[in-house]
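Given next are the chains, with one letter for each unit.
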Amino acid sequence: MLVARAGEREVPAVAAPAALRRFVNFAKLPDPALDVARRVLDEDEAFRARVAASVTEEAVGRPGWVFLTRPDGWQAELDGFRKQAAVHEVATREDRSEREAQRRLAGAEAALARTETAALAATTEAERMRRELEEQRANAGAMGSEVDRLRAELAQVVEERRDTVRRLKEAEGTAQARSGELRTLRHE
């Protein structure tokens, strides 16, 4: 676009290719402008030569330079660059997927640790309540109503423990599934 704009400003003016003229005065180029510019460079040999004369290989990179100058075997070299870029993109995507899987695994492991802590606390609490219940049974004659209350609390704690153990097993299953996913992703 810079070469097309510069040509329009020269005296005498060198006309920009027809397909690019509508974009010459744009401050910010729309997305289709890149496709149009690529097509013009591919089809208009004179314009491509003007662009090649105005840049260096360092400025546009080896793939851009090969596309502009078109040395012998340029298409094969450009295809090699495309394949290399595709491989890099796949590797980048795989790295991103692996990081995401590791993040999810870390989250599952943290949830598992929290569940294990809660299960341990519930087990400890249940054990404490059981001991307390045994003490109350020793004093059962005078404290019948207190024993009934403690039995209800114990039943609730046992139910919570069962619920906690169930959640722990679910978390363990999730963690194992995530570990399997991670191994599969690493293998891929």
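Scroll up to find the structure this text is about.
This structure is a prediction, so every number in the text was calculated from the model and none was measured.

Colleague: Describe the overall build of the protein chain, with residues and values.
Modeller: When you go through the protein chain residue by residue, the secondary structure sums to seven helices and zero strands. Listed by position from the N terminus, the elements making up the protein chain come as α-α-α-α-α-α-α. Compactness check: the protein chain gives a C-alpha radius of gyration of 36 Å against a globular reference of 16 Å for 188 residues, more than 25% above the reference. With respect to the principal axes defined by its C-alpha atoms, the protein chain has extents near 115 × 35 × 20 Å. Among the 188 residues that make up the protein chain, the fraction classed as buried is 24%. Taking contacts inside the protein chain between residues at least 6 apart in sequence as the whole, the part at least 24 apart equals 46%. Only carbon and sulfur atoms are counted for the fraction: they give 53% of the accessible area of the protein chain, which is about 13,000 Å². Averaging the coordinates of the 33 positive side-chain charges in the protein chain and doing the same for the 35 negative ones gives two points 2 Å apart.

Colleague: Give a detailed account of the pattern of salt bridges, specifying residues and quantitative values.
Modeller: Tallied over the full model, the rule gives 20 salt bridges. Between E100 and R103 there is a salt bridge whose closest N-O contact spans 2.4 Å. Of the two residues, E100 and R103 both sit in helix α6 (residues 74-138), three residues apart, roughly one turn of that helix. The partner of D148 in a salt bridge is R151, and the shortest N-O contact between them spans 3.9 Å.

Colleague: Can you lay out helix α1 (residues 2-9) for me, pointing to particular residues and giving the numbers?
Modeller: Listing the buried residues of α1 in full gives V3, A4, R5 and G7. Where the residues of α1 are buried, they touch α2 (18-21) and α4 (45-54).

Colleague: Kindly report on the layout of surface pockets, identifying the contributing residues and their values.
Modeller: Looking at the largest pocket, its volume works out to about 500 Å³. The wall of the largest pocket is formed by 21 residues, among which L34, A37, L41, V51 and L68 lie closest to the centre. Contributions of two or more residues to the lining of the largest pocket are made by α1, α3 (31-43), α4, α5 (57-69) and α6. Looking at side-chain class alone, the lining of the largest pocket contains 17 nonpolar, two polar and two charged residues.

Colleague: A description of the packing of aromatic side chains should follow, citing residues and the corresponding values.
Modeller: Taken as a whole and judged by the stated rule, the model has two aromatic pairs. Where F67 meets W74, the ring centres are 6.3 Å apart and the plane angle is 70°; that geometry is what we call edge-to-face. Grouping residues by exposure puts F67 and W74 together as buried. When the ring centre of F67 is taken as origin, the NZ or CZ atom of R70, which lies over that ring, is 4.7 Å away.

Colleague: Describe the environment of E10, naming the residues involved and giving the relevant values.
Modeller: Topologically, E10 is positioned in the loop between α1 and α2. Accessibility expressed as a relative area gives 42% for E10, which makes it partly exposed. Between the C-alpha atoms of E10 and G144, which are 134 residues apart in sequence, the distance is 106 Å.

Colleague: Report on the nonpolar core, specifying residues and quantitative values.
Modeller: Formed by 19 residues in total, the largest nonpolar core has its most connected members in A4, L20, L41, F47 and V51. A per-element tally of this core places α3 first, with five residues. Among residues more than four places away in sequence, those in contact with L41 are F47, R48, V51, F67, L68 and R70.

Colleague: Outline the packing of α1 against α4, supporting the account with residue identities and numerical values.
Modeller: Two elements in contact, α1 and α4, have axes separated by 10 Å at closest approach and are oriented at 100°. With respect to each other, α1 and α4 are oriented roughly perpendicular. For the pair α1 and α4, contact is made by V3, A4 and G7 and by F47, R50, V51 and S54, respectively. Among the residues forming the contact of α1 with α4, the class breakdown is four nonpolar, two polar and one charged.

Conventions and cut-offs
Residues numbered from 1 in each chain as written. Predicted model: local features only at pLDDT ≥ 70, side-chain atom pairs only at ≥ 80, totals over all residues. Heavy atoms only, no water. Helix = DSSP H or I, 4+ residues; strand = E, 2+ residues; numbered from the N terminus. Rg over C-alpha atoms; globule rule 2.2 N^0.38 Å. Buried < 20%, exposed > 50% of the residue type's maximum accessible area, 1.4 Å probe, protein only. Contact = heavy atoms within 4.5 Å. Areas by Shrake-Rupley, 256 points an atom, 1.4 Å probe, with all protein chains shown as cover. Lys, Arg positive; Asp, Glu negative; His and termini not counted. Charge placed at Lys NZ, Arg CZ, Asp CG, Glu CD. Salt bridge = Lys/Arg side-chain N within 4 Å of Asp/Glu carboxyl O. 1 Å grid on protein atoms, 1.4 Å probe; cavity = no way out; pocket = protein on both sides within 12 Å on 5 of 7 lines; lining within 4 Å. Points joined across faces, edges and corners; volume = space filled by probe spheres on them. Nonpolar A, V, L, I, M, F, W, Y, C, P; charged D, E, K, R; others polar. Phe/Tyr/Trp six-rings, centres within 6.5 Å; stacked < 30°, edge-to-face > 60°. Lys NZ or Arg CZ within 6 Å of the ring centre and 35° of its normal. Core = buried A, V, L, I, M, F, W, Y, C linked by side-chain atoms within 4.5 Å. Axes fitted to C-alpha atoms, helices over the stretch in contact; angles between N-to-C directions. Parallel < 35°, antiparallel > 145°, perpendicular 65-115°, else oblique.

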